[in-house]
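Architecture at a glance
Spelled out from the first residue to the last, the chains are:
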Amino acid sequence: MSPLPVPTTPRDRRALLWLLLAAAVVLGAGIGLRDPWPADEPRFALVARQMVESGDWLFPHRGMELYPDKPPMLMWLQGLSYHVVGDWRIAFLLPSLLSGLLTLVLVWDLGRRWWSPRAGWLAALAVLSALMFTFQFKRAQIDPLVTALLTLAHWGVLRHLVDGPNWRALWLGAFAAGLAVITKVVGVLVPLMLLPYLLMRRGGWPRVTPVIAARGDAFRWALAVLAFVAGAAIWLAPMLWMALSRGTPEYLGYVHNVLFHQTADRYVGVLRQHIRPFYEYVPIVLLHFLPLSLAYGAGARDAAAAWRARDARVWLPLAWAILVVLFFSAAAGKREVYILPILPMLAVALAPTLERIADARWLHGAALALAALLGLGLVSAGLWAASGQWRWLDTMATVRGLTDEALALARWVTVAGAAWLVAAAVGRVRRGMHALLAGLAVFWLIWGLAIAPIANRAVSAAGVMAAADRLAGPQGEIGLVKWKEQDLLMAPRPVRDFGFRAPGAVQFDRAVAWMSQAPDRRWVFALGTAVAPCVERSAAKVIGHSDRREWWMFQSPAVRPGCRLPEVPGDDDDEP
């Protein structure tokens, strides 16, 4: 068994509270100041809003169609958040913020139990400061919630396997893993930790709880399996029962899609999305996990010592992280966020290393160099962009509809870089890590409070849909063709859609028939490139740009009689 944990003092608890306060400020900065951004955030926010409005929480909808691409856990929490705060601009980001705080507490708790409160605090700080963590947890995607649930699952499993027996913790962890399944299916990765655990038991590692130590343990393991099933069954059981009861092709197709098409097919590359080489995650673990990755070299030395000492506290979370990276490396489709859940476990495994090297001069020197490099890079980019000489950036700003905001954005980027340089000058080598962390905090605050609100009008569909609303007039009606989720989400008035996955030709034909019933007041809002073959350009109005696309509005006279709209391949956004 592991040694008794170092007692936690009031000072240690205050340190944790200060860390959580800092995390709430950094992760929460900007909540309420922007709308959901494509490609993923509007999709989930729209589904959540339709759940709230329709009362159908079992079967997510995107417009008139079922949305089968992801289980509904995140959308449930967004809908519940709306019931609490009453504002979608806050509600859609609230689950990510709470998930981040929960993840940090769990990392701290494992670190302080296994080594010391200081080690746990440093591990939690390393997670918070990691570039990928803050970037993802300031967004409303599924991955922050998945990471929190998997961290809770591993907290419970590790409390039993290393500190145990602790059956209640194991059951809680198994239940959390089941919830992760109805969030993004990856809860099935939790049992991977049992592989190194069983090998450690067979090898006689001293700090590993026996599989069966007392009468009734087999039954208790069965209860853990039942807890896992119960977590997943919260949604799967009633959804399957309702879908099979209705028995329509639409609902049966939904079951097949959400259970198989979006999981197994994506893994083996049938969907042909995010195809990347085997080594894709190597630079991600090195660069996206900065500044934690600065400790990898020292951590390798400590991990070797832990291997010789047969210390499961280091090697159980580390082995699971390695197995997950190998698992996703073998998959055909890859995205960097797939390995986000390994970050907390990696920080737990490195917690004793972080405590050992916290005051090392070389670490502060490396952090200072990184802070100065990032500061110089941002200042240079900001000044170059403000000068108007960066043609690539000007082109990108035009495509994304950010021409009017480009100068203000460039100035704020320059300010963020200057703050990093000031922090580096003040901290110098003795406090290089402090300078790096201060620069990161300032950057994320500027991002949330200044950059994101400025860019919001162009990046979201708020500006385009407001213009569409003005053009249609008080009595007008708007239908959507070849639309994106943010269009329906940001519409100031109720609008009509004709399907999302339905072929463009089908959507167009339905829209034309709908317009013909009231040609004086009905308009179609559509992707310009998709409808151009059947719409007279001179009779349509370019309503604006969003998400790198040009959007048109037109009425019945603009439609070429008898024209059949061809499909435009490759236009849809990839699912996350």
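Residues numbered from 1 in each chain as written. Predicted model: local features only at pLDDT ≥ 70, side-chain atom pairs only at ≥ 80, totals over all residues. Heavy atoms only, no water.

1. Quick word on the overall build of the chain
Within the chain, the regular secondary structure consists of 26 helices and 7 strands. Computed over C-alpha atoms, the radius of gyration of the chain comes to 26 Å, within 12% of the 25 Å expected from 2.2 N^0.38 for 576 residues, which places it in the range of a compact globule. Judged by the C-alpha coordinates and their principal axes, the chain covers about 80 × 65 × 45 Å. A buried classification covers 56% of the 576 residues belonging to the chain. Put simply, the chain shows about 24600 Å² of open surface, and 65% of that area lies on carbon and sulfur atoms. With 56 positive and 40 negative side-chain charges, the chain shows a separation of 9 Å between the mean positions of the two kinds. (Helix = DSSP H or I, 4+ residues; strand = E, 2+ residues; numbered from the N terminus. Rg over C-alpha atoms; globule rule 2.2 N^0.38 Å. Buried < 20%, exposed > 50% of the residue type's maximum accessible area, 1.4 Å probe, protein only. Areas by Shrake-Rupley, 256 points an atom, 1.4 Å probe, with all protein chains shown as cover. Lys, Arg positive; Asp, Glu negative; His and termini not counted. Charge placed at Lys NZ, Arg CZ, Asp CG, Glu CD.)

2. Some details on the confidence of the model for the chain
Segments scoring low in pLDDT should not have their predicted coordinates read at a detailed level. On average, residues of the chain carry a pLDDT of 89, and 92% of them reach 70 or more. For residues 570-574, every residue scores under 50 in pLDDT, and the model assigns this stretch 15 contacts once sequence neighbours within four places are set aside. (pLDDT = per-residue confidence, 0-100. Contact = heavy atoms within 4.5 Å.)

3. As for the nonpolar core
Counting 141 residues, the largest nonpolar core has Phe133, Phe289, Leu316, Ile339 and Ile342 as the members making the most contacts within it. Excluding its chain neighbours within four sequence positions, the residues that come into contact with Phe289 are Ala130, Met132, Ile284, Tyr296, Ile339, Ile342, Leu343 and Leu346. Counting residues in hydrophobic clusters, the runner-up holds 27 residues, among them Leu46, Met490, Phe525 and Met553. (Core = buried A, V, L, I, M, F, W, Y, C linked by side-chain atoms within 4.5 Å.)

4. Digging into the environment of Ala540
Relative to the helices and strands, Ala540 is located in the loop between α26 (528-531) and β6 (541-546). Note: C-alpha distance between Ala540 and Pro557 (17 residues apart in sequence) is 9.3 Å. Not counting the four nearest positions on each side in its chain, Ala540 is found in contact with Val535, Trp552, Met553 and Phe554.

5. Quick look at a nonpolar patch on the surface
Together, Tyr279, Val282, Leu286 and Leu287 make up a nonpolar patch on the protein surface, roughly 420 Å² of accessible area in all. The topology assignment puts Leu287 in helix α14 (residues 281-288). (Patch = residues over 30% accessible without salt bridge, like charges linked within 9 Å, V, L, I, M, F, W, Y side chains within 5 Å. Salt bridge = Lys/Arg side-chain N within 4 Å of Asp/Glu carboxyl O.)

6. Focus: the packing of aromatic side chains
The description of an aromatic ring pair rests on the distance of the ring centres and on the angle between the ring planes. For the structure on display, the rule yields 17 aromatic pairs. Relative to Phe500, the ring of Trp483 has its centre 4.9 Å away and its plane inclined at 80 degrees; by these criteria the two rings are edge-to-face. Residue Trp483 is found in the loop between β3 (477-481) and α24 (485-490), and its partner Phe500 is found in the loop between β4 (496-497) and α25 (504-516); the two are separated by 17 residues along the sequence. Through a chain of ring-to-ring contacts, three or more aromatic side chains come together here, namely Phe59, Tyr251 and Tyr254. Across the ring face of Trp37, the terminal group of Arg34 is positioned such that the distance to the ring centre comes to 4.9 Å. Between the NZ or CZ atom of Arg246 and the centre of the ring of Tyr251, over which it lies, the distance is 4.7 Å. (Phe/Tyr/Trp six-rings, centres within 6.5 Å; stacked < 30°, edge-to-face > 60°. Lys NZ or Arg CZ within 6 Å of the ring centre and 35° of its normal.)

7. Re the sheet that holds strand β5 (residues 522-527)
Spatially, β4-β3-β5-β7-β6 is the arrangement adopted by the 5 strands of the open sheet, whose pairing is mixed. Taken across any chain shown, the strands that pair with only one partner, and hence form the sheet edges, are β4 and β6. Strand direction decides the pairing type here: β5 and strand β7 (residues 549-554), joined by 4 bridges, are antiparallel. Its bridge partner being in β7, Leu527 is matched across the sheet by Trp551. (Pairing = 2+ DSSP bridges.)

8. A few points about the packing of helix α5 (residues 94-114) against helix α17 (residues 342-349)
In a packed pair of helices, the relevant descriptors are the angle between the two axes and the axis-to-axis distance. At a minimum axis separation of 9 Å, α5 and α17 run at an interaxial angle of 25 degrees. When the axes of α5 and α17 are compared, the pair comes out roughly parallel. Crossing of α5 against α17: the hand is right-handed. Taking contact as the criterion, the partners of Thr103, Val107, Leu110 and Trp114 in α5 are, on α17, Pro344, Met345 and Val348. Residues that form the contact of α5 with α17 fall into these classes: 6 nonpolar, 1 polar and no charged. (Axes fitted to C-alpha atoms, helices over the stretch in contact; angles between N-to-C directions. Parallel < 35°, antiparallel > 145°, perpendicular 65-115°, else oblique. Left-handed = near helix turned anticlockwise from the far one by under 90°. Nonpolar A, V, L, I, M, F, W, Y, C, P; charged D, E, K, R; others polar.)

9. Let's talk about the pattern of salt bridges
All told, the structure shown has 22 salt bridges when counted by the stated rule. Glu41 is paired through a salt bridge with Arg34; the nearest N and O atoms lie 2.7 Å apart. Note that Asp40 is salt-bridged to Arg335, the shortest N-O span being 3.9 Å. With Asp40 in the loop between α1 (10-28) and α2 (41-54) and Arg335 in the loop between α16 (312-330) and α17, the pair connects residues that are 295 residues apart, well separated along the chain. Of the two residues, Asp40 and Arg335, neither departs from the other in class, the shared state being buried.

10. Comments concerning α5
Helix length check: α5 (21 residues) gives 31 Å between terminal C-alpha atoms against 30 Å at 1.5 Å per residue, within 8%. Of all 21 residues in α5, 16 are buried, a share of seventy percent or more. (Expected span 1.5 Å × (residues − 1).)

11. Describing the pairing of β7
Judged by how many residues are buried, β7 sits mostly within the fold: 5 of 6 residues are covered. Sheet analysis places β6 next to β7, joined by 5 bridges and oriented antiparallel. Each bridged residue has a counterpart across the sheet, and for His545 the counterpart in β7 is Glu550. If you look at the hairpin formed by β6 and β7, you'll find 2 residues sitting between the two strands, and Asp547 has a positive phi there, around 55 degrees.

12. Here's the deal with the side chain of Thr209
Mapped onto the elements, Thr209 comes out in the loop between α10 (194-202) and α11 (217-246). Taking relative accessible area as the criterion, Thr209 reaches 1% and is therefore assigned buried. A polar contact is formed between the side chain of Thr209 and the backbone nitrogen of Gly164, at a distance of 3.3 Å. (Polar contact = N/O pair within 3.5 Å; in protein donor to acceptor, adjacent residues only side chain to side chain.)

13. Some details on the side chain of Asp497
Note that Asp497 resides in strand β4. It turns out Asp497 is buried and unbridged, and the closest side chain with the opposite charge, Arg496, is 6.5 Å from it. Here the side chain of Asp497 touches Met64 through a polar contact of 3.3 Å, landing on its backbone nitrogen. Separated by 3.0 Å, the side chain of Asp497 and the backbone nitrogen of Gly499 make a polar contact. Leave out the neighbours within four places in its chain, and Asp497 touches Gly63, Met64, Leu480 and Trp483.

14. Comments concerning unusual backbone geometry
Cis rather than trans, the peptide bond between Gly164 and Pro165 has omega equal to 10 degrees. Position of Pro165 among the secondary structure elements: in the loop between α8 (142-161) and α9 (167-184). Look at the link from Leu290 to Pro291: it is a cis peptide, with omega at 0 degrees. Structurally, Pro291 can be placed in the loop between α14 and α15 (296-308). Despite not being glycine, Arg310 shows a phi value in the positive range, around 55 degrees. Its location among the elements puts Arg310 in the loop between α15 and α16.

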